[in-house]
2 protein chains.
Amino acid sequence: MPIAPDDALKPRKRPRQARSAATVDAIFEAAIQVLRSDGFTGLTTTRVASRAGVSVGTMYQYFPHKDALLYAVLEDYLEYVVNAIEAAVERFRHMLLAEMSDGLTLAYLDAKTRHMLGAQGLYVVAAELETDDLVADVCSRCDAAIARLLATATDARFDDIARVTHALRVLLVGTVRAVLENDVSPDALAMLRTELPVMCRAYLLAVARPTEAQAV
Amino acid sequence: MPIAPDDALKPRKRPRQARSAATVDAIFEAAIQVLRSDGFTGLTTTRVASRAGVSVGTMYQYFPHKDALLYAVLEDYLEYVVNAIEAAVERFRHMLLAEMSDGLTLAYLDAKTRHMLGAQGLYVVAAELETDDLVADVCSRCDAAIARLLATATDARFDDIARVTHALRVLLVGTVRAVLENDVSPDALAMLRTELPVMCRAYLLAVARPTEAQAV
DNA sequence: ACCTGAACACCGTTCAAGT
DNA sequence: ACCTGAACACCGTTCAAGT
């Protein structure tokens, strides 16, 4: 657990040839599979390499150490989620507060459940790996996007939009994780799909200041 | 990561003499400290033993393996939190819905922040360690307590109290964790203390069916 | 009874040797 | 250029030997 200086967690080299790119993809996919089946503790360089069909040495040509590989997997996943949020924000701007709340909530839920169903282990990766900068960056991009959304509600204004934005993101992220983490059954998902929108909507309406357009 | 059969995670023997009890306490405390400073990955049997001032062999007399030690630490912590919730439930029964919501929320927040400030690593322990039974037990005790509380609200009834209880617990646990996990600054805590009660109250009021006593 | 620490198997990482 | 796998240091766990 030495402190990672500079870009110590960055890939060692980018694949330049088709053969290499295929190798990296295989390693990447293998890492996710092993993480899912054996957990963070069970994720071994040997196991990833053998499942990817390469030798350990080859893996170390692309990732300077195990952590760099896991970091890359996490980065890729977070990028996917942020993109989903930013897309939802564009789609639901300039609507009623309740509409944009539901739109954002369901878009986030979809992104999570589609891409994440087995990648729960990534939470452990984020917790254990020096990922503060990466996470901070992703969080601020999400907050910026959500603030952009809320600012355009046609029927409400917020006194402290930064605070509300932050609280809403934490509500979304925390609740979804708390459920998916130890129960990905259809029942649990159904519960989220009905209750989470209610939570977000209720919170936003509670802290919003209605505007003249409200009575429309 | 072998499947834990039976009580494989239970302590090997209970301390019978004062000397032993002191040893176990020291090991326990050392584990928490190492977890805080070095994380889950950095938590080494050698490190825990040396910080506790005993040899590895001694540790293995009380805990059959590293996981059993971590399991015991987690169990102790969860017990503390459940007790806090159950105490709060007794204190706030038969009140207005908004009052009991705030009471429960702040009691939970207090329990978390007081005992947990450094023990964040326990989330990783719970995720990695075969703790499904333990967690399920704790969750159902919390849900039972919260349902007991909500059922006595003087101004509201719920059509599906199990669903609301579950959703409320997930909201509490998830949101608090999402904040504390990567930011235990006073600012973050202040945000939780103001916004979390609003979230819970707003959600409960949104799903509650008001009763005649409401207009009092 | 309780404690110790060398010894064994396994994992992360390197690097000389192969194609 | 890219790949391989034996070799080294370190961690979890055991157990013969100490008090």
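The shown structure was predicted, so the numbers you read here are calculated from the model rather than taken from an experiment.

**Details of the relation of the copies chain B and chain A**
Okay, step 1: Rotating chain B by 180° and translating it 0.0 Å along the rotation axis places it on chain A, where the RMSD comes to 0.0 Å. Taken together, the rotation angle and the small translation identify this as a two-fold axis. By C-alpha distance to the rotation axis, the residue of chain B lying nearest is B:Gly174, at 2.0 Å.
Okay, step 2: Counting the interface residues of chain B, we find that 100% of their copies in chain A are interface residues as well, pointing to one common contact surface.

**Quick word on the interface of chain B and chain A**
Okay, step 1: With 32 residues of chain B at the interface, the matching set in chain A holds 32 residues.
Okay, step 2: Put simply, chain B and chain A have four salt bridges between them.
Okay, step 3: A salt bridge links B:Arg177 to A:Glu181; its shortest N-O distance comes to 2.5 Å.
Okay, step 4: For the pair chain B and chain A, the interface holds twelve residue pairs in polar contact (both at pLDDT 80 or more).
Okay, step 5: Looking at which element gives the most residues to the side of chain B that touches chain A, the answer is helix H8 (residues 161-181) of chain B, with eleven residues.
Okay, step 6: Residues of the side of chain B that touches chain A, tallied by class, amount to 18 nonpolar, eight polar and six charged.

**Observations regarding the side chain of A:Thr175**
Okay, step 1: Relative to the helices and strands, A:Thr175 resides in helix H8 (residues 161-181).
Okay, step 2: Setting aside residues no more than four positions away along its own chain, A:Thr175 makes contact with A:Val170, A:Leu192, A:Leu196, A:Met199, B:Val170, B:Leu171, B:Gly174 and B:Thr175.

**Describing the confidence of the model for chain A**
All names here are of chain A.
Okay, step 1: Considering every residue of chain A, the mean pLDDT works out to 88; 87% of them sit at 70 or more.
Okay, step 2: Mean pLDDT across the elements of chain A bottoms out in helix H1 (residues 18-42) (86) and peaks in helix H7 (residues 132-150) (97).
Okay, step 3: In this model, residues 1-7 is a region of pLDDT below 50 whose contacts with residues beyond four sequence positions or in other chains number six contacts.

**As for the pattern of salt bridges**
Should the charged atoms of two oppositely charged side chains come close, the side chains can pair.
Residue and element names in this part refer to chain A.
Okay, step 1: Considering all chains together, one arrives at 20 salt bridges over all chains under this definition.
Okay, step 2: As a salt-bridge pair, Arg 209 and Asp 159 come within 2.9 Å of each other at their nearest N and O atoms. With Arg 209 in strand E2 (residues 209-210) and Asp 159 in the loop between strand E1 (156-157) and H8, this residue pair connects regions lying 50 residues apart in the sequence.
Okay, step 3: With relative accessibility at 43%, the residue Arg 209 sits in the partly exposed group.

**A few points about the environment of B:Thr45**
All names here are of chain B.
Okay, step 1: For Thr 45, the position within the fold is in helix H2 (residues 45-52).
Okay, step 2: Spatially, the C-alpha atom of Thr 45 lies 9.7 Å from that of Leu 69, the residues being 24 residues apart in sequence.
Okay, step 3: Once residues lying within four places of it in the same chain are set aside, the contact partners of Thr 45 are Val 56, Met 59, Tyr 60 and Lys 66.

**Description of the packing of H7(A) against H8(A)**
Residue and element names in this part refer to chain A.
Okay, step 1: Between H7 and H8, the least distance of the axes is 9 Å, while the angle of their chain directions is 120°. Crossing of H7 against H8: the hand is right-handed. Residues Cys 139, Cys 142, Asp 143, Ile 146, Ala 147 and Leu 150 of H7 form the contact with H8, whose participating residues are Ile 161, Val 164, Thr 165, His 166, Leu 168 and Arg 169.
Okay, step 2: Looking at side-chain class alone, the contact of H7 with H8 contains eight nonpolar, two polar and two charged residues.

**Here we look at the packing of H8(B) against helix H9 (residues 186-207) of chain B**
Residue and element names in this part refer to chain B.
Okay, step 1: At a closest axis distance of 11 Å, the pairing of H8 and H9 adopts a crossing angle of 165°. Of the possible angle classes, the one that applies to H8 and H9 is roughly antiparallel. Pair H8 / H9 crosses with right-handed handedness. Contacts between H8 and H9 involve Val 164, Ala 167, Leu 168, Leu 171, Leu 172, Thr 175, Val 176, Val 179 and Leu 180 from the first element and Ala 188, Leu 189, Met 191, Leu 192, Leu 196, Met 199, Cys 200, Tyr 203, Leu 204 and Val 207 from the second.
Okay, step 2: For the contact of H8 with H9, the residue count by class is 18 nonpolar, one polar and no charged.

**Some words on the packing of aromatic side chains**
Residue and element names in this part refer to chain A.
Okay, step 1: Scanning the model with the defined rule gives zero aromatic pairs over all chains in all.
Okay, step 2: Cation over ring: Lys 66 sits above Phe 40, and NZ or CZ is 6.0 Å from the ring centre.
Okay, step 3: Directly above the ring of Tyr 123 sits Arg 177, whose terminal nitrogen or CZ lies 4.1 Å from the centroid.

Calculation rules
Residues numbered from 1 in each chain as written. Chains lettered and ligands numbered in written order. Predicted model: local features only at pLDDT ≥ 70, side-chain atom pairs only at ≥ 80, totals over all residues. Heavy atoms only, no water. Least-squares fit on C-alpha atoms with pLDDT ≥ 70 in both. Contact = heavy atoms within 4.5 Å. Salt bridge = Lys/Arg side-chain N within 4 Å of Asp/Glu carboxyl O. Polar contact = N/O pair within 3.5 Å; in protein donor to acceptor, adjacent residues only side chain to side chain. Helix = DSSP H or I, 4+ residues; strand = E, 2+ residues; numbered from the N terminus. Nonpolar A, V, L, I, M, F, W, Y, C, P; charged D, E, K, R; others polar. pLDDT = per-residue confidence, 0-100. Buried < 20%, exposed > 50% of the residue type's maximum accessible area, 1.4 Å probe, protein only. Axes fitted to C-alpha atoms, helices over the stretch in contact; angles between N-to-C directions. Left-handed = near helix turned anticlockwise from the far one by under 90°. Parallel < 35°, antiparallel > 145°, perpendicular 65-115°, else oblique. Phe/Tyr/Trp six-rings, centres within 6.5 Å; stacked < 30°, edge-to-face > 60°. Lys NZ or Arg CZ within 6 Å of the ring centre and 35° of its normal.

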